[in-house]
Amino acid sequence: MPTPTLSFEFFPPRTDAQTRRFWRTLGCLETLQPDWFSITYGALGSASQASIDTVAQLGKDSSVPVAAHLTCAGQRRADLIDVLQSFKSQGICRIVALRGDKAEQNTSEKFYHLRFASELIELIVEVGGFDISVAAYPEVHPEAESAETDMALLKHKLDLGASRALTQFFFEPEVYLRWRDGAVRTGIDKPLVPGILPIHDINKIVDFSRRCGATVPQFLIERFQKCGSKAMSRELAIEHAVDMCQVLQREGVDAFHLYTLNQSDLSYEVAKELVGAHKKRAAA
Ligand SMILES: Cc1cc2nc3c(=O)[nH]c(=O)nc-3n(C[C@H](O)[C@H](O)[C@H](O)COP(=O)(O)OP(=O)(O)OC[C@H]3O[C@@H](n4cnc5c(N)ncnc54)[C@H](O)[C@@H]3O)c2cc1C
């Protein structure tokens, strides 16, 4: 099995303490030689300018390439072009192109705004010079008309010029594998990189997943509830994420996108196991 390719997703840090921790843990993750880091844009209420600043700083200070998430809902084409040009001038050439939260639009202005990620991809291709990733949903996007429409729209995004899709997180490998089979039947032949979210706090993750349309299986919730200490929960979180990745690797998956939620220590342990497990196999 080849060494898995890894990417790590972060929110832009907001406070001084978060910023210090962010740079410390980033240094730690750099030692695993990931393919890229990515910084979310406006997610969970974070300011878009904070994303742009963090991306710029990372572009200068990190040895690992950085991908900038960019959302388009309700944004003006001209403003998005400015952001893209600014990334380009700083050597940032990877974009995760997203819709973001649906925005209410002023009717007189709606023709200047973008509505779907596909429109952003067209714009990025027009500006030129970027590697584009898009979002995909193994459990179907909550607003999609149907699973079939959702898959067809994903194919459309990839056909427009995206190089890969990064999936929403899921907690059972079968969820991803069934969905990937459907994607192949639809004619999708670009990488579908599984998004892995190590469970740092089961109650928070159940709540967060509900909002994202992802399912945390009952058996997993019960396993976490039986953990008698934080240390046991942490061990279980690592074991669950690593086991899931290893099942996926046996099914031919060779890249993972880790949602760190800025809790990089868990992601580090999971990634270390995956890279370490590979080295052990290669040496055997
Ligand atoms: C890997 C990943 C990273 C993310 N990062 C961020 C981030 O940084 N910031 C943030 O705010 N959010 C982020 N999100 C969340 C994302 O913005 C939301 O899930 C959003 O609701 C949908 O974004 P999208 O790019 O998938 O949208 P789209 O691909 O535009 O799809 C949105 C919905 O519209 C439907 N649709 C698409 N095109 C059409 C069409 N032409 N006609 C009719 N219906 C259509 C789709 O089926 C779907 O239901 C991320 C999600 C993932 C999986």
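Parameters and conventions
Residues numbered from 1 in each chain as written. Predicted model: local features only at pLDDT ≥ 70, side-chain atom pairs only at ≥ 80, totals over all residues. Heavy atoms only, no water. Helix = DSSP H or I, 4+ residues; strand = E, 2+ residues; numbered from the N terminus. Buried < 20%, exposed > 50% of the residue type's maximum accessible area, 1.4 Å probe, protein only. Pairing = 2+ DSSP bridges. Salt bridge = Lys/Arg side-chain N within 4 Å of Asp/Glu carboxyl O. 1 Å grid on protein atoms, 1.4 Å probe; cavity = no way out; pocket = protein on both sides within 12 Å on 5 of 7 lines; lining within 4 Å. Points joined across faces, edges and corners; volume = space filled by probe spheres on them. Nonpolar A, V, L, I, M, F, W, Y, C, P; charged D, E, K, R; others polar. Axes fitted to C-alpha atoms, helices over the stretch in contact; angles between N-to-C directions. Parallel < 35°, antiparallel > 145°, perpendicular 65-115°, else oblique. Left-handed = near helix turned anticlockwise from the far one by under 90°. Contact = heavy atoms within 4.5 Å.

Q: Looking at this structure, how should I read the environment of R250?
A: Checked against the element boundaries, R250 lands in helix α9 (residues 230-250). In the structure, R250 is positioned 119 residues away from D131 in sequence and 28 Å away in space, judged by C-alpha atoms.

Q: Help me understand the pairing of strand β8 (residues 255-259) in this model?
A: Here is the key point about a regular strand: its side chains alternate between the two faces of the sheet. Most of β8 sits out of view: five of its five residues are buried. In β8, alternate side chains face the same way, and those of A255, H257 and Y259 on one face and F256 and L258 on the other are all buried. Note: strand β1 (residues 5-10) against β8, five bridges, orientation parallel. The residue of β8 that forms the bridge with L6 is F256. Where strand β7 (residues 192-196) meets β8, two bridges bridge the pair, whose relative direction is parallel. Of the residues in β8, the one forming a bridge with I196 is L258.

Q: Got a minute to help me understand the pattern of salt bridges in this structure?
A: Pairs can form between side chains of opposite charge whenever their charged atoms are close. Tallied over the full model, the rule gives ten salt bridges. The closest approach of N and O atoms between E269 and K272, which form a salt bridge, is 3.5 Å. Linking E269 with K272, this pair stays in helix α10 (residues 264-283), spanning three residues, or about one helical turn.

Q: Even after reading the chapter, I still don't get empty space enclosed by the protein, so can you show me in this structure?
A: If you roll a probe as big as a water molecule over the atoms, it shows you where there is empty space left. Taken as a whole, this structure holds three cavities of 30 Å³ or more when the rule is applied. Taken together, Y137, P138, E139, V140, H141, P142, Q168, F169, F170, C212, G213 and A214 form the lining of the largest cavity. Of the residues belonging to the lining of the largest cavity, the class tally is eight nonpolar, three polar and one charged.

Q: Can you help me understand the packing of helix α1 (residues 16-30) against helix α2 (residues 48-61) in this one?
A: What describes two packed helices is the angle between their axes and the distance between those same axes. Packing of α1 against α2 leaves a shortest axis separation of 13 Å and a crossing angle of 40°. The angle between α1 and α2 falls in the class oblique. Between α1 and α2 lies a crossing of right-handed hand. On α2, the residues that touch F22, W23 and L26 of α1 are T54, Q57, L58 and D61. A breakdown of the residues in the contact of α1 with α2 according to their chemical character gives four nonpolar, two polar and one charged.

Q: I'm lost on unusual backbone geometry in this one. Help?
A: For residues that are not glycine, phi is negative in most cases, and the peptide bond is trans in most cases. Positioned with a positive phi, Q33 is a non-glycine residue whose angle comes to about 50°. The topology assignment puts Q33 in the loop between α1 and β2 (36-39). For Q33, a relative accessible area of 69% gives the class exposed. Non-glycine residue L261 carries a positive phi angle of around 45°. With respect to the element layout, L261 can be found in the loop between β8 and α10.

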